[in-house]
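Each chain, written out:
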Amino acid sequence: MTIKQAIYDAVVNGDSPAADRLVVEALAAGIPAEELMQEALIAAMAEVGARFERGEYYVAEMLVSAHALKAGLKHVRPYLTTAAVAPIGTVVIGTVKGDLHDIGKNLVGMMLEGAGFRVIDLGVNVPASRFVQAVQEAGTDIVALSALLTTTMNSMQGVVEALKQAGLRERVKVLVGGASVSQDFADQIGADGFAPDAAAAAVLARRLVAPAEATT
Amino acid sequence: MNDRERFIATVLGEPVDRPPYWLNWGPWATTWERWEREGKPVEVTDHRSFMDPDRVPTPLPMNTGPCPRIERTVLAEDDESVTFIDSWGIKRRDLKGMEAMSEFLEFPVKDRGDWEAYKARYLNPDDPRRLEGDWREVGLDWMAKGWPIQLGYYPDGGVFGAFRWLMGDEAGLMAFHTMPDLVHDIMDHLTDLYLTVWEKAAQAVRADSIHLWEDHCYRGGPLISPKMWGEFLGPNYRRIKAFARRHDIRVISVDTDGNPDRLAAPMIESGVNWLFPLEVAAGCDVNVWRLKYPTLALMGGIDKRVLAKTPAAIDYELNRVRPALEQGRYIPDLDHLIPDDVSWDNYCHYAHALKRLVGKA
């Protein structure tokens, strides 16, 4: 088994200590960071997402895999910067104003990271103005909004409106998700996409930045 | 039939005079405040009694949570939120004046050492303070009135639910993989605790149902796999089932939230015969569930979101669940707490329409 395959397996199986150790060994052996990123870490998280979609993995498995990814990613990230290998996009993510729920948002953030995005997590109870500010500062491609409750879902519309008012709406894609959110609701508030779960969010986010990705 | 007889017969699929009329799920605090602003009569002090619904199974007063009780301690407070230690020792933050779940900041158990200390300090099954006061008299009074009596209650009674209070969602779910022995130990001990306290109660008062608050599902399905459910929760549920059989308690219910479809089979196998709340937003259709799981009693399944629409939409939603109602083993009720976009008038319309639907005069 190659070391890249072993890293891939460690992430898919949620083995953080192995992912941590193997990535260090692989870098020391001279395997390019980008190769580890694409062929081991991102590929592994894609497999995790696929297993989740097939009903073979549940939230518990996604979490341990996401943490194994983080264990490996922390060693790879500095090399990616020096090699000027850009992430496929930047996502600003947060739970909207009035809502403190965060497990869904955290899981989506981890899956997006595993899909190759830079993720800026604004936390919970985030006002629309803070999303606008983050978009202005970060060169954002996607704004991902989470809400658990039917009533806080309305804050998502506030973020879309605030982005419009700031003249930023055309620069970013807006993704929405949460317990009561639906595709109909996403259409109604003018979001660009709705994802029912974290794995679907990663797939959708990649699709939304695909034209830009193809030109790099 | 009295409320107890009707409830048990409904769950067991036996003949009933009519389905139970329950208003189980109540409003969020902010919904209640809205109703007060909208002119709810001052004499209406809860969302149920003014409509004379049937009595829902009510837990005997007991303590199966931390004992001695952990006092709520405010750590910080400003205009927007309050940060506090709750009754399980969790550090959490609540927003003021808004309908929201807490932000959970820190949980009391992170490893084996934390667990052993917490268990020794707060989770002694034999602590005499777990059953004190007039619980026996209360139970005997409820029996005389024909009210259904329940063992187990939110937030202190769930094999997974209470485990999550100790470790949290994220760390707890990861622990199934990284610290499985600890997860087993916590869940086994919680079950020991419940059975010990329930045993004492059931010797004095006739209990009708056991309730387990788990909340282990979300819109996409269960948080853990059916295999893990079978490994970690299954043996404990079977111990609860054996206890129920010994005491002729014929109902075991689970509050799952979300969509529990993939856990239904292992739960039924382990003795569960009543599930709720079957959230429509999570894709649950009680008419489909009624046909798919004929031996399982269902409660909930009415979309709470519809109450924010029009009276006609509420009538339409109630009409939608008629097939399940006609099949039996179904208690129509909302699928979770009532959000604060629901007006007092719409709630009253719903409560009256539901009463007509089940045929309570």
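Residues numbered from 1 in each chain as written. Chains lettered and ligands numbered in written order. Predicted model: local features only at pLDDT ≥ 70, side-chain atom pairs only at ≥ 80, totals over all residues. Heavy atoms only, no water.

A. The overall build of chain A, seen in detail. Helices and strands together make up the secondary structure of chain A, namely 10 helices and 5 strands. Since a compact globule built from 216 residues should have a radius of gyration of about 17 Å, the 17 Å found for chain A is in line with a globular shape. Relative to its 216 residues, chain A shows a buried fraction of 57%. Counting contacts in chain A only where the partners sit at least 6 residues apart, residues at least 24 apart contribute 72% of the total. Total accessible area on chain A is roughly 8600 Å²; 52% of this is exposed by carbon and sulfur atoms. The distance from the centre of the 17 positive side-chain charges to the centre of the 24 negative ones in chain A is 4 Å. (Helix = DSSP H or I, 4+ residues; strand = E, 2+ residues; numbered from the N terminus. Rg over C-alpha atoms; globule rule 2.2 N^0.38 Å. Buried < 20%, exposed > 50% of the residue type's maximum accessible area, 1.4 Å probe, protein only. Contact = heavy atoms within 4.5 Å. Areas by Shrake-Rupley, 256 points an atom, 1.4 Å probe, with all protein chains shown as cover. Lys, Arg positive; Asp, Glu negative; His and termini not counted. Charge placed at Lys NZ, Arg CZ, Asp CG, Glu CD.)

B. Molecular detail of the side chain of Arg92 of chain B. Residue and element names in this part refer to chain B. Considering the arrangement of structural elements, one finds Arg92 in strand S4 (residues 91-95). On the basis of relative accessible area, Arg92 is assigned to the buried category, the value being 15%. A polar atom in the side chain of Arg92 sits 2.5 Å from the side chain of Asp86. (Polar contact = N/O pair within 3.5 Å; in protein donor to acceptor, adjacent residues only side chain to side chain.)

C. A look at the sheet that holds strand S10 (residues 251-255) of chain B. All names here are of chain B. Strands sit in the order S1-S6-S7-S10-S11-S12-S13 across an open sheet of 7 strands; the sheet is parallel. Edge positions in the sheet fall to strand S1 (58-59) and strand S13 (330-334), since each of these pairs with one other strand and no more. Relative to strand S6 (residues 149-151), S1 runs parallel, the two sharing 2 bridges. Paired with Thr58 across the bridge in S6 is Ile149. (Pairing = 2+ DSSP bridges.)

D. Spatial organisation of helix H4 (residues 135-145) of chain B. All names here are of chain B. Listed in full, the buried residues belonging to H4 are Trp135, Val138, Gly139 and Trp142. Projection of H4 onto a plane perpendicular to its axis shows the buried side chains occupying an angular sector of 95°, all on one side. Looking at the buried residues of H4, the elements they touch are S1, S6 and helix H7 (180-204). (Arc of directions from axis to C-beta.)

E. Structural detail: the domain arrangement of chain A. Residues and elements named next belong to chain A. Its domain assignment divides chain A into domain 1 (3-82) and domain 2 (90-214). One C-alpha centre belongs to domain 1, the other to domain 2; they are set 24 Å apart. Counting from both sides, the interface comprises 16 residues of domain 1 and, opposite them, 12 residues of domain 2. Carbon and sulfur atoms supply 75% of the area that domain 1 and domain 2 bury against each other, a total of about 1100 Å² over both sides. Counting the surface domain 1 buries against domain 2, the share from its top three residues, Ile42, Met45 and Met62, is 33%. (Domains from an automatic or database assignment. Buried area = accessible area lost by both parts, 1.4 Å probe.)

F. Structural view of the nonpolar core. Of all hydrophobic cores here, the largest spans 170 residues; its most connected members are Leu151, Leu173, Phe176, Trp198, Ile210, Trp274 and Tyr350 of chain B. Counting residues domain by domain, this core receives three or more from each of domain 1 (3-82) and domain 2 (90-214) of chain A. Excluding residues within four positions of it along the chain, Leu151 of chain B makes contact with Leu60, Met62, Trp198, Ala201, Ala207, Ser209, Ile210, His211, Phe243 and Ile249 of chain B. (Core = buried A, V, L, I, M, F, W, Y, C linked by side-chain atoms within 4.5 Å.)

G. Fine view of the interface of chain A and chain B. Opposite the 30 residues of chain A that make contact, chain B presents 31 residues. Around 2600 Å² of area is buried between chain A and chain B when both sides are counted, 61% of it from carbon and sulfur atoms. Where chain A meets chain B, there are 1 salt bridge. Between Lys97 of chain A and Glu80 of chain B there is a salt bridge, with the nearest N and O atoms lying 2.8 Å from each other. Here chain A is connected to chain B by 10 residue pairs in polar contact (both at pLDDT 80 or more). No other element matches the 6 residues that helix H4 (residues 59-82) of chain A contributes to the side of chain A that touches chain B. Considering only residue class, the side of chain A that touches chain B consists of 16 nonpolar, 11 polar and 3 charged. (Salt bridge = Lys/Arg side-chain N within 4 Å of Asp/Glu carboxyl O. Nonpolar A, V, L, I, M, F, W, Y, C, P; charged D, E, K, R; others polar.)

H. View of the pairing of strand S7 (residues 209-213) of chain B. Residues and elements named next belong to chain B. With respect to burial, S7 is a largely interior element, 5 of its 5 residues being buried. Alternating residues of S7 divide into Ser209, His211 and Trp213 and Ile210 and Leu212, and every residue in both groups is buried. By the bridge criterion, 2 bridges tie S6 to S7 in an arrangement that is parallel. Directly across from Gln150, in S7, lies its bridge partner Ser209. Taken together, the 5 bridges between S7 and S10 define a ladder with parallel strand orientation.

I. Expanded view of the sheet that holds strand S3 (residues 142-146) of chain A. Residues and elements named next belong to chain A. Overall, parallel pairing links the 5 strands, which are arranged S2-S1-S3-S4-S5 in an open sheet. In the strand order of this sheet, the two ends are held by strand S2 (117-121) and strand S5 (193-194), each with one partner. Examined bridge by bridge, strand S4 (residues 173-177) and S5 share 2 bridges and lie parallel to one another. Of the residues in S5, the one forming a bridge with Leu175 is Gly193.

J. Broad picture of the packing of aromatic side chains. Residues and elements named next belong to chain B. Evaluation of the coordinates by the stated rule reveals 26 aromatic pairs over all chains. A centroid spacing of 6.0 Å and a plane angle of 45° characterise the contact between Phe104 and Trp165, whose relative ring orientation is tilted. Of this pair, Phe104 sits in strand S5 (residues 103-106) while Trp165 sits in helix H5 (residues 159-167), and the two are 61 residues apart along the sequence. An aromatic cluster of three or more residues is present, and its members are Trp32, Trp35, Phe50, Trp344, Tyr347 and Tyr350. The ring centre of Trp142 lies 5.6 Å from the NZ or CZ of Arg55, which sits over that ring. Here Arg72 stacks its cationic end above the ring of Phe84, 4.1 Å away from the centre of that ring. (Phe/Tyr/Trp six-rings, centres within 6.5 Å; stacked < 30°, edge-to-face > 60°. Lys NZ or Arg CZ within 6 Å of the ring centre and 35° of its normal.)

K. Seen up close, the pattern of salt bridges. If you walk through the whole model with that rule in mind, you get 43 salt bridges over all chains. Residue Lys105 of chain A pairs with Asp121 of chain A through a salt bridge whose shortest N-O separation is 3.0 Å. Here the residue Lys105 of chain A occupies a position in helix H5 (residues 103-114), and Asp121 of chain A occupies one in strand S2, the gap between them amounting to 16 residues. One salt bridge connects Asp303 of chain B with Arg305 of chain B, and the closest N-O pair in it is separated by 2.9 Å. Looking at Asp303 of chain B, the relative accessible area reads 7%, which means it is buried. By sharing partners, the salt bridges in this structure join Asp3, Arg6, Asp17, Arg18, Asp52, Asp54 and Lys360 of chain B into a single network.

L. Inspection of the environment of Lys227 of chain B at higher detail. Mapped onto the elements, Lys227 of chain B comes out in helix H8 (residues 226-246). Distance from Lys227 of chain B to Lys309 of chain B, taken between C-alpha atoms, is 40 Å for residues 82 residues apart in sequence.

M. Molecular detail of unusual backbone geometry. Of note, the bond from Cys67 of chain B into Pro68 of chain B is cis; its omega dihedral lies within 30 degrees of zero at 10°. In this structure, Pro68 of chain B sits in the loop between S1 and strand S2 (73-77). A cis geometry characterises the amide bond from Tyr154 of chain B onward to Pro155 of chain B, with omega recorded as 10°. Note that Pro155 of chain B resides in the loop between S6 and H5. The phi angle at Asn125 of chain A is positive, at roughly 55°, despite the residue not being glycine. Note that Asn125 of chain A resides in the loop between S2 and helix H6 (128-138).

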